[in-house]
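# Structural description and commentary
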Amino acid sequence: MVILPTSIETASALTQGLPVQLINEASKAHPKPEGIKFAYGTAGLRTKANILDSTCFRIGLIGALRSKKLGGKTIGLMVTASHNPEEDNGVKMVDPRGEMLEASWEPHCTEIANATSEEELIRSLQKLITTFKIDVNADASVIFGYDTRPSCKELVQAIVDGLSAMGAHIIDAGLKTTPQLHYLVKCHNTKGTPDAYGEPTDEGYYKKLSEAYIKLVAGKGPGTPLTVDCANGVGAPALLELTKYIPKEHLDIRALRTSTNASGALNNGCGADYVKTNQCLPAGYDKEDVKAGDRMCSFDGDADRVVFYYLKGPATAKESFRLLDGDKIASLAADHLSELVKKAGVELELGCVQTAYANGNSTKYLKQRVPVTCTPTGVKYLHHAAEKFDIGVYFEANGHGTVLFSPSAQKAIKEASPSSPAAQDALEQLGALIDLINQTVGDAISDMLLVEVILRSRQWGPTEWDGAYEDLPNKILKVNVKDRSIFKTEDAERRLVSPEGLQAKIDELVGKYKDARAFVRPSGTEDCVRVYAETGLASELSALANGVAKLVADSD
Ligand SMILES: CC(=O)N[C@H]1[C@@H](OP(=O)(O)O)O[C@H](CO)[C@@H](O)[C@@H]1O
Ligand SMILES: [Mg+2]
C-alpha cells in the first residue's frame, strides 16, 4: 500500500533533508542525453552504454533512497546488459532479500531517469520521497557489482557519484555475476540473524555452493567432463574460481569462451542466448573436439542463465544438435525434487512456474505431474509466483530460473523425523539442495551444479534426460516497429489487446496449422516486438512465424 503524505507541510518536511545543492552539482557532470526516453523494464534500465551515464548517476540516487526507505538495509545495484551485445549496458536494482526491486518503484525510476533538467530531477526525487514517506535523513547502504563490459568502469563511477551525493555507505563488490551480487545482498541483510543466508564474501559464495555439491555427489563415482561455454563473460572467472573449491573427480570442467578481455567477444557467437535462439552449438565448436553424447552447457553474459545441450550424431550435421533448455531443466528438477519429497515422507506442495515462451510439450509434461502457473516474462514475476508453493520451480525457457524453498518448507525438511534410512537420505539431500540452489535468483553456476547432481544421482547422460518429452518445433522472431508501446497484452502476455484487431488475425492464422500456438509481445529489454510460434509439424513452423511477423509489421 502506498501511504500518501497527509498535507503539503508533511511533504516538505519529508524532503527537507534532501541534499539539493550536492545533487545539482553532481548532476551537472552527468547530463541526460537529449531526446532519449529511458524505461525501467523487464531487467532494469538497459540500452546502449554510451547514453547511460545520467541514468546510472540517478539510479545511484534512487538506490540510496530505497535503502533509506528500508531503514538502511543494503540495496544492490548491478551493472550489466546480460546476453545483449557488448556495446549495450544496463543497471538493475536488487532489494534486501536478494529479489528484484519492488514493482511500485519502477515508474519512479523511469520518471527520474527521464527528468530533463536539474529542477525536474529534484522534483521527481521529491515526489518519490513523499509518495513513499522516505526519511531522507536515515542511513543508506548500497552494494554494487558489474560485469566484464568495458563501459562498466565509467558507469560505476556515475553510480558512485549518485550514492556519494546522497551520503550512502558504499560497498564495491567488484566484478561479479548477477546472481553473486544477489547472494551478497541477501547475506549482508541477514548477517547475524537466525536466517543468515551465508558469508557476505566471494569465498562464502563458493564455499556454500561447493560444500553442498560435494555432499550431494560424494560416493557417486567420478563424473564425466562437462564443457562450459562462458560467453566470454563474467561467468568465466567465476567458474574458474569455483573449480578451486571442488576436486576434479567431482566436477571435471572444460571451460571454453573465457576471453573476457578480447574486444567484441562477449556473447558473440556464443553464450546461452545464442545457443537457445539459433538452436545450434556456439560458433567454432566444430574445432573444439566435441563428440556425440558429450554434456555441454552455455552461460549468458552475466551468468544468470544456463542451457545444456549435446549432439546425438556428428557435429557437422545440424540435426545432431539437441537443446536441453530451461524447460528441460525445470522438468528434471521438478521430477527429482518430487521424488525426494515423497521418499522423505514430508507433506510439501511442489509447483512449477513458466512463461508463455515455455514449450507446449514441456507444459503438458509438467501439468501431468505438478501444478503449473504461467506469468508474464521476467524473473520478478516468476519468482513471486514460485514463492506461493512450498517448493517452487521456476524457469524461463531461455534457462533463467531457480528453485525456491519456502521458509516453512525449509523448517519442515530440517525438523522432520525420518521413518527409514531412505527417508533420512532424502531429507539430507533436500537439505543440501537448499544450500546448493541460489534462493535469490537464477544462477548459471548453481543451476549447472544442480543439473550435474541430478544426472549423477540418476546415473543419467543427456540422452536419458532428453527423453522426458519431445520439444514442439518453435521459433522466436524480432520485428522492429515504430512504437512498441502500442502493443499491449493480457492473459500472461498470451494475447494482444492492442493494436485492435491484430489478435483476431493471429488467431485465424494459428488455426490453419496443426497443434500450433503463437503470441506477440513487446520486448522489455530491446526496441522490438517479439513473435513466438510453435507448431506440431516442423515443416509448418516458418510459415506460421513469418506469417505472424508480417501481421505485426503490417499493423505498424
Ligand atoms: C524471450 C526472452 O528470452 N526474453 C528475455 C528478455 O526479455 P524481453 O522482455 O523479451 O526482452 O530478457 C529478459 C532479461 O534477461 C529475460 O528475462 C526474458 O526471458
Ligand atoms: Mg542474464
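Analysis parameters
- Residues numbered from 1 in each chain as written.
- Chains lettered and ligands numbered in written order.
- Predicted model: local features only at pLDDT ≥ 70, side-chain atom pairs only at ≥ 80, totals over all residues.
- Heavy atoms only, no water.
- Phe/Tyr/Trp six-rings, centres within 6.5 Å; stacked < 30°, edge-to-face > 60°.
- Lys NZ or Arg CZ within 6 Å of the ring centre and 35° of its normal.
- Pairing = 2+ DSSP bridges.
- Helix = DSSP H or I, 4+ residues; strand = E, 2+ residues; numbered from the N terminus.
- Axes fitted to C-alpha atoms, helices over the stretch in contact; angles between N-to-C directions.
- Buried < 20%, exposed > 50% of the residue type's maximum accessible area, 1.4 Å probe, protein only.
- Contact = heavy atoms within 4.5 Å.
- Parallel < 35°, antiparallel > 145°, perpendicular 65-115°, else oblique.
- Left-handed = near helix turned anticlockwise from the far one by under 90°.
- Nonpolar A, V, L, I, M, F, W, Y, C, P; charged D, E, K, R; others polar.
- Right-handed = clockwise from strand over helix to strand, strands pointing away.
- Domains from an automatic or database assignment.
- Buried area = accessible area lost by both parts, 1.4 Å probe.
- Salt bridge = Lys/Arg side-chain N within 4 Å of Asp/Glu carboxyl O.
- Polar contact = N/O pair within 3.5 Å; in protein donor to acceptor, adjacent residues only side chain to side chain.

### Structural notes on the packing of aromatic side chains
- For the coordinates displayed, the defined rule picks out eleven aromatic pairs.
- In this structure an aromatic cluster arises from ring pairing among Tyr183, Tyr197, Tyr205, Tyr206 and Tyr245.
- Here the guanidinium or amino end of lysine 328 rests over the ring plane of tyrosine 469, the centre of that ring lying 4.5 Å away.

### Some thoughts on the sheet that holds strand S15 (residues 474-479)
- The three strands are arranged S15-S19-S18 in an open sheet whose pairing can be described as antiparallel. Sheet topology places S15 and strand S18 (517-522) at the edges, where each strand pairs with a single neighbour. Here the strands of the sheet are splayed against their neighbours by 15° on average, with no regard to which way each runs.
- Note: S15 against strand S19 (residues 529-534), six bridges, orientation antiparallel. Paired with lysine 475 across the bridge in S19 is alanine 533.

### Details of helix H13 (residues 379-386)
- For H13, the buried fraction is high: six of the eight residues fall into the buried class.
- Those residues of H13 lying buried are Val379, Lys380, Leu382, His383, Ala385 and Ala386.
- Buried residues along H13 sit in contact with helix H4 (106-114), strand S11 (350-355), strand S12 (372-375), strand S13 (391-395) and strand S14 (401-405).

### A few points about the packing of helix H18 (residues 502-510) against helix H19 (residues 538-555)
- In contact at an axis separation of 10 Å, H18 and H19 are set at 160° when each is read in the N-to-C sense. Here H18 is positioned roughly antiparallel relative to H19, judged by the angle of their axes. Crossing geometry of H18 relative to H19 is assigned as right-handed. Taken together, the residues of H19 that come into contact with H18 (itself represented by Leu502, Lys505, Ile506, Leu509 and Val510) are Leu544, Gly547, Val548, Leu551, Val552 and Ser555.
- Of the residues in the contact of H18 with H19, the class split is eight nonpolar, two polar and one charged.

### A few points about the pairing of strand S5 (residues 169-175)
- Bridge count between strand S4 (residues 141-146) and S5: six bridges; the pairing is parallel. Bridging across to S5, tyrosine 146 finds its partner in leucine 175.
- Each parallel crossover has a hand, and for S4 linked through helix H6 (residues 152-165) to S5 it is right-handed.

### Considerations on the domain arrangement of the chain
- With domains assigned, the chain is organised as domain 1 (11-175), domain 2 (205-317), domain 3 (326-466) and domain 4 (474-555).
- Each of domain 1 and domain 3 has a C-alpha centre, and the two are 34 Å apart.
- In this complex, domain 1 contributes seven residues to the contact, which on the side of domain 3 involves eight residues.
- When the two sides are added together, the surface that domain 1 and domain 3 hide from each other amounts to roughly 600 Å², 58% of it contributed by carbon and sulfur.
- By the criterion of area lost to domain 3, the three top residues of domain 1 are Thr42, Arg97 and Met100, representing 62% of everything that side buries.
- The interface formed by domain 1 and domain 3 contains two salt bridges.
- Between lysine 380 and glutamate 106 there is a salt bridge whose closest N-O contact spans 2.7 Å.
- At the junction of domain 1 and domain 3, the tally comes to one residue pair in polar contact (both at pLDDT 80 or more).
- Taken together, the residues of the side of domain 1 that touches domain 3 sort by class into one nonpolar, three polar and three charged.

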